[in-house]
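Each chain, written out:
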Amino acid sequence: MILTGSRKIASKARRGILLFFFLISTARTFSTRLYGQPAPPAMRLYAIDCGRLDYPNMDGFSDTNDYAGQTGSLVVPCFLVRHGNDWMLWDTGVGDRIAALANGEVKQDARFSLKRTLASQLAAIGLTPDSIRYVALSHLHSDHSGNIGLFPHAVFLIGAAELPWARSLPTPEGVEAPLIAPLDHAKIEAFDKDRDVFGDGTVRILKAPGHTPGHCMLLLKLPKAGPILITGDLFHQRRSLKEHLVPRVNTSRADTLASMNRFEGLVKATGARAIIPHERQDFQSLPAFPGFLE
Ligand SMILES: [Zn+2]
């Protein structure tokens with residue numbers, strides 16, 4: 001009798017302890033949801049094929065003649081970033097209009113072509129242009145600004161020095177006035193300093209002037225893939241990075257070299273994986289769309 005009684009007491013106590021821990025853990029989860037640190041946002045990085053540039057002569061990509069006489073082709077990606085429920089597009093490619101032209105379009109010493117429109121690729125993952133909250137632009141050259149008109153309701157993030165320069169007359173080399181004209185009616189947030197897009201350090205637009213006055217890079221902190229630094233046109237090829245080659249279409253050689261210096265410091269400090277958008281091997285090192293990094 002005594003044994004049975006103490007067993008009963010022990011099992012009651014055990015149940016009580018279990019209930020206690022259950023309540024504590026439930027309360028903790030609940031209070032974290034209500035008051036604690038928010039869970040880090042779900043993030044994804046998609047690299048989308050937004051065009052191709054074929055050059056009979058790559059001479060323009062180095063002002064010290066390193067590419068003279070070489071043919072070459074550049075990929076033109078757009079980068080789509082998911083941050084929680086928000087979407088940001090980084091650069092907009094050559095423009096969906098080009099996809100309808102059987103042989104592309106020859107301009108600025110290159111043939112611009114496009115296999116699949118950006119709009120159709122967004123649709124493939126269930127997005128419309130209106131799903132994109134921010135369209136951020138590394139700079140306003142025509143292979144980055146081709147689809148600005150596709151996003152009439154987005155907020156455009158652009159380096160403050162970029163727009164007055166791109167709108168100046170005569171239109172600067174590499175800019176196409178009709179492609180940037182939709183910005184006249186767009187919501188624009190121009191920034192003078194680096195811009196932390198969502199305020200949590202995961203998506204940062206960093207100033208890297210020289211190629212154009214408001215040129216920027218994009219530094220992402222992905223939960224699994226880690227830091228990724230998308231260089232914009234600070235470099236066009238791996239060789240340009242290795243040898244610090246400065247293109248001929250460039251607004252300040254001194255600023256470009258200083259931006260390259262900043263890039264190297266950032267890579268050293270953050271351990272970021274550098275992606276040169278126009279370099280085919282870098283583009284192909286990323287998951288093929290609709291694959292993504294997270
Ligand atoms: Zn450029």
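First, a word on scope: everything that follows refers to the structure included in this document. (Residues numbered from 1 in each chain as written. Predicted model: local features only at pLDDT ≥ 70, side-chain atom pairs only at ≥ 80, totals over all residues.)

**A closer look at the pairing of strand β12 (residues 226–230)**
Part 1 of the reasoning: Bridge count between strand β11 (residues 216–222) and β12: 5 bridges; the pairing is antiparallel. When the bridges of β12 are listed, L219 appears paired with L229.
Part 2 of the reasoning: Joining the antiparallel neighbours β11 and β12 is a turn of 3 residues.
Part 3 of the reasoning: As judged from the 3 bridges shared by β12 and strand β13 (residues 273–275), these two strands associate in the parallel manner. The partner of I230 across the bridge, within β13, is I275. (Pairing = 2+ DSSP bridges. Helix = DSSP H or I, 4+ residues; strand = E, 2+ residues; numbered from the N terminus.)

**A few points about the sheet that holds strand β7 (residues 155–159)**
Part 1 of the reasoning: If you walk across this open sheet you meet the 8 strands as β4-β5-β1-β2-β3-β6-β7-β8, and the pairing is mixed. Each edge of the open sheet is held by one strand with a lone partner, namely β4 (105–107) and β8 (187–191). In this sheet, adjacent strand axes meet at a mean angle of 25 degrees when their direction is disregarded. (Axes fitted to C-alpha atoms, helices over the stretch in contact; angles between N-to-C directions.)

**As for unusual backbone geometry**
Part 1 of the reasoning: Here the bond from L169 into P170 is cis, since omega is -10 degrees, no more than 30 degrees from zero.
Part 2 of the reasoning: Relative to the elements of secondary structure, P170 occurs in the loop between α3 (162–167) and α4 (177–180).
Part 3 of the reasoning: A cis amide bond links F289 with the next residue in sequence, P290, at an omega value of 10 degrees.
Part 4 of the reasoning: On the secondary structure map, P290 appears in the segment after α7 (280–284).
Part 5 of the reasoning: Notably, N65 is not glycine yet its phi reads approximately 70 degrees, a positive angle.
Part 6 of the reasoning: Looking at the secondary structure, you find N65 in the loop between β1 (43–55) and β2 (72–83).
Part 7 of the reasoning: For D109, which is not glycine, the phi dihedral falls at a positive 65 degrees.
Part 8 of the reasoning: Within the fold, D109 resides in the loop between β4 and β5 (110–113).
Part 9 of the reasoning: Residue D109 is classed as partly exposed on the basis of its 13 C-beta neighbours within 10 Å. (Buried ≥ 20, exposed ≤ 12 C-beta atoms within 10 Å, placed from the backbone.)

**A short note on the sheet that holds strand β10 (residues 203–207)**
Part 1 of the reasoning: Taken in spatial order, the 5 strands line up as β9-β10-β11-β12-β13 in an open sheet, and their pairing is mixed. With partners counted over all chains shown, the strands left at the sheet margins are β9 (195–196) and β13, one partner each.
Part 2 of the reasoning: Pairing of β9 with β10, which is carried by 2 bridges, proceeds in the antiparallel orientation. Paired with R195 across the strands is I205, a residue of β10.
Part 3 of the reasoning: Across the sheet, helix α6 (residues 253–270) is in contact with β11, β12 and β13; its angle to β12 comes to roughly 170 degrees. (Contact = placed C-beta atoms within 7 Å.)

**As for the nonpolar core**
Part 1 of the reasoning: Of all hydrophobic cores here, the largest spans 59 residues; its most connected members are M88, W90 and M217.
Part 2 of the reasoning: If we ignore the near neighbours within four places in the chain, the residues touching M217 are L206, A208, L229, I230, T231, G232, L234 and F263.
Part 3 of the reasoning: Listed in part, the 5 residues of the second largest apolar core include M58, F61, Y67 and L245. (Core = buried A, V, L, I, M, F, W, Y, C linked by C-beta atoms within 7 Å.)

**Description of α6**
Part 1 of the reasoning: Between the first and last C-alpha of α6 there are 26 Å, a value that for 18 residues agrees with the 26 Å anticipated at 1.5 Å per step.
Part 2 of the reasoning: Of the positions making up α6, those classed as buried are T256, S259, M260 and F263. Angular distribution of buried residues about the axis of α6 spans 105 degrees; they occupy a single face of the element. The exposed residues of α6 that point more than 90 degrees off its buried face are A254, N261, G265, K268 and A269. (Expected span 1.5 Å × (residues − 1). Arc of directions from axis to C-beta.)

**Observations concerning the environment of S145**
Part 1 of the reasoning: Within the secondary structure layout, S145 lies in the loop between β6 (134–136) and β7.
Part 2 of the reasoning: Note on S145: 27 C-beta atoms within 10 Å, which makes it buried.
Part 3 of the reasoning: Placed 50 residues apart in sequence, S145 and G95 show a C-alpha to C-alpha distance of 7.4 Å.
Part 4 of the reasoning: When sequence neighbours within four positions are dropped, the list of residues in contact with S145 reads T92, L137, L140, L179 and I180.

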